[in-house]
Amino acid sequence: MSGPAPAPPGQAPDASLEALSAGMRFGALTALDGVSLRVAPGELYGLVGPDGAGKTTLIRLLAGLLVPTSGALRVTGRDPVRDSRRVRELLGYMPQAYSLYGDLSVGENLRFFGSLFALPRDVFHERRARLLGITRLERFADRRADALSGGMYKKLALACALLHRPRVLLLDEPTNGVDPVSRRDLWDLLREFVLEGMSVLISTPYMDEAARCHRVGLLSEGRLLLEGSPERLVADFPHPVFRVDAADRAAAERLLQGRAEVVALSPAGRALRVVVAQGQAEGLAAALAPAGCRLERVRPDFEDLFLERTRVHGEAR
Ligand SMILES: Nc1ncnc2c1ncn2[C@@H]1O[C@H](COP(=O)(O)OP(=O)(O)O)[C@@H](O)[C@H]1O
Ligand SMILES: [Mg+2]
């Protein structure tokens, strides 16, 4: 068996996942525009970004399901298309869309994935028992996959992706539409596997999940806009953030939407949350005072950063 291909200059050889200026075009549409990132062994990397940002495309490239139109991908140093057989053994992949056989039961789905990876009988049974245990799906082993709740379905899909003990895991919005309890279960599971040394790339629309990752990359329109640990990114955020209370929230919102100082605006319970351009907070406060608005400075969070970078102005519901 040959070792991994030599790492390109400037890259440490031990990256579990790498995108090297990866680009992907579909006809005239550029879904990914030269994205570079790397995920280290034992790292949990979160990919966030609005719909259509290119998250699924990047994950499909890493899984070897698409061939990039420029740049390259590496899974533990290997090309996922040219070395697909080896990469398939190392990689677990949970697609965004339905990936299981709906008319097969929980147990039958697991058996199918076990046979795909030619797991010996005793190994399969041991892993099946462990995965059914930690996903709390034992009681549902005979239930058809298409009769499972959304959360149980996702846990089964994760169990199937983990059956062959992959070193690297790709998860495409695994918790989208999942209830909060199952969401916590899934994250507890993930944390366990990461502690055991697994590398995980997870895409998520949830900012609280992004904040739980070791590092986060923000993808927008096929480009990686920023990257870093959630704590660092928030600490480096240059814009002041305010909570705005007003007797008439709708009126305050209209007022804020039209102001040049406002970088991003979102609802926060009965108040509004406003990201303000650097150095312009005083002017804004003065302008809002006659309308009965009170401004209270708050700590930025990950969502503020996300809103500012993707330039989603206003649209408070
Ligand atoms: N197979 C495809 N053919 C044509 N366009 C595609 C295909 N897959 C994705 N796209 C387009 O590429 C862009 C990125 O899509 P996607 O990677 O699914 O984004 P995300 O997962 O962030 O929502 C979108 O504009 C999408 O419509
Ligand atoms: Mg997607």
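Residues numbered from 1 in each chain as written. Chains lettered and ligands numbered in written order. Predicted model: local features only at pLDDT ≥ 70, side-chain atom pairs only at ≥ 80, totals over all residues.

A few points about the domain arrangement of the protein chain
So, point 1. Entries for the protein chain in the domain assignment read domain 1 (17-233) and domain 2 (237-310).
So, point 2. On a C-alpha basis, the centroid separation for the pair domain 1 and domain 2 is 36 Å.
So, point 3. With 11 residues of domain 1 in contact, the opposing surface of domain 2 contributes 7 residues.
So, point 4. Residue assignment for the side of domain 1 that touches domain 2 shows that the elements contributing at least two residues are α7 (207-210), β8 (215-220), β9 (223-228) and α8 (230-235).
So, point 5. The residue inventory of the side of domain 1 that touches domain 2, partitioned by class, reads 10 nonpolar, 1 polar and no charged. (Domains from an automatic or database assignment. Contact = placed C-beta atoms within 7 Å. Helix = DSSP H or I, 4+ residues; strand = E, 2+ residues; numbered from the N terminus. Nonpolar A, V, L, I, M, F, W, Y, C, P; charged D, E, K, R; others polar.)

Describing the sheet that holds strand β12 (residues 271-276)
Neighbouring strands of a sheet are bound in pairs by backbone hydrogen bonds; such pairs are parallel or else antiparallel.
So, point 1. Reading across the sheet, the 4 strands line up as β11-β12-β10-β13 and stay open at both edges, with antiparallel pairing between neighbours. In the strand order of this sheet, the two ends are held by β11 (262-268) and β13 (293-298), each with one partner. Averaged over all pairs of adjacent strands, the angle between their axes in this sheet comes to 30°, without regard to strand direction.
So, point 2. Bridging between β11 and β12 involves 6 bridges; their strand directions are antiparallel. (Pairing = 2+ DSSP bridges. Axes fitted to C-alpha atoms, helices over the stretch in contact; angles between N-to-C directions.)

Concerning the sheet that holds strand β5 (residues 91-94)
So, point 1. Reading across the sheet, the 6 strands line up as β5-β6-β7-β3-β8-β9 and stay open at both edges, with mixed pairing between neighbours. Each end of this open sheet is capped by a strand with a single partner; those strands are β5 and β9. The sheet shows a mean angle of 15° between the axes of neighbouring strands, taken without regard to direction.
So, point 2. Examined bridge by bridge, β8 and β9 share 5 bridges and lie antiparallel to one another. Bridge pairing in β9 places L218 opposite L226.
So, point 3. Contacts between helix α11 (residues 302-310) and the sheet are confined to β3 (44-48), β8 and β9, with β8 contributing the most and set at about 30° to the helix.

Overview of the site of ligand 1
So, point 1. Neighbouring residues of ligand 1: F26, L29, A31, G49, D51, G52, A53, G54, K55, T56 and T57.
So, point 2. Looking at the shell around ligand 1, the elements that each hand over two or more residues are β2 (29-39) and α1 (55-62).
So, point 3. When residues of the shell around ligand 1 are assigned to their parent elements, the largest contribution, 3 residues, is made by α1.
So, point 4. Residues belonging to the shell around ligand 1 are distributed by class as follows: 4 nonpolar, 5 polar and 2 charged. (Near = placed C-beta within 6 Å.)

Examining the confidence of the model for the protein chain
So, point 1. When the pLDDT values of the protein chain are averaged, the result is 89; 94% of them are 70 or greater.
So, point 2. Taken together, the stretch residues 312-317 has pLDDT below 50 and engages in 12 contacts with residues farther than four places along the chain or on a different chain. (pLDDT = per-residue confidence, 0-100.)

Brief notes about the pairing of strand β6 (residues 168-172)
So, point 1. Counting buried positions along β6 gives 5 out of 5 residues, so the element sits mostly inside the fold.
So, point 2. Relative to β6, β5 is paired through 4 bridges, and the arrangement is parallel. In the strand pairing of β6, L91 is matched with V168.
So, point 3. Chirality of the crossover, the property in question, places the unit of β6, helix α6 (residues 180-195) and strand β7 (residues 199-203) among those that are right-handed. (Buried ≥ 20, exposed ≤ 12 C-beta atoms within 10 Å, placed from the backbone. Right-handed = clockwise from strand over helix to strand, strands pointing away.)

Some remarks on the packing of helix α5 (residues 150-162) against α6
So, point 1. Taken N-terminus to C-terminus, the directions of α5 and α6 make an angle of 15°; their axes are 9 Å apart at the nearest point. Relative to α6, the element α5 lies roughly parallel. By crossing handedness, the relation of α5 to α6 is classed as right-handed. Here G151, K154, K155 and L158 of α5 lie close against α6, whose contacting residues are S182, D185, L186 and L189. (Parallel < 35°, antiparallel > 145°, perpendicular 65-115°, else oblique. Left-handed = near helix turned anticlockwise from the far one by under 90°.)

As for the environment of V274
So, point 1. Along the polypeptide, V274 turns up in strand β12.
So, point 2. Spatially, the C-alpha atoms of V274 and G217 are 23 Å apart, while their sequence positions differ by 57 residues.
So, point 3. Those residues in contact with V274 that sit more than four places away from it in its chain are V241, F242, V244, L256, V262 and L265.

Points about the nonpolar core
Nonpolar side chains tend toward joint burial in soluble globular proteins.
So, point 1. In this structure, L62, L156, L170, L201 and V274 are the most contacted members of the largest nonpolar core, which totals 87 residues.
So, point 2. For this core, the leading source of residues is α5, giving 9 residues.
So, point 3. Of the residues that make up this core, three or more belong to each of domain 1 (17-233) and domain 2 (237-310). (Core = buried A, V, L, I, M, F, W, Y, C linked by C-beta atoms within 7 Å.)

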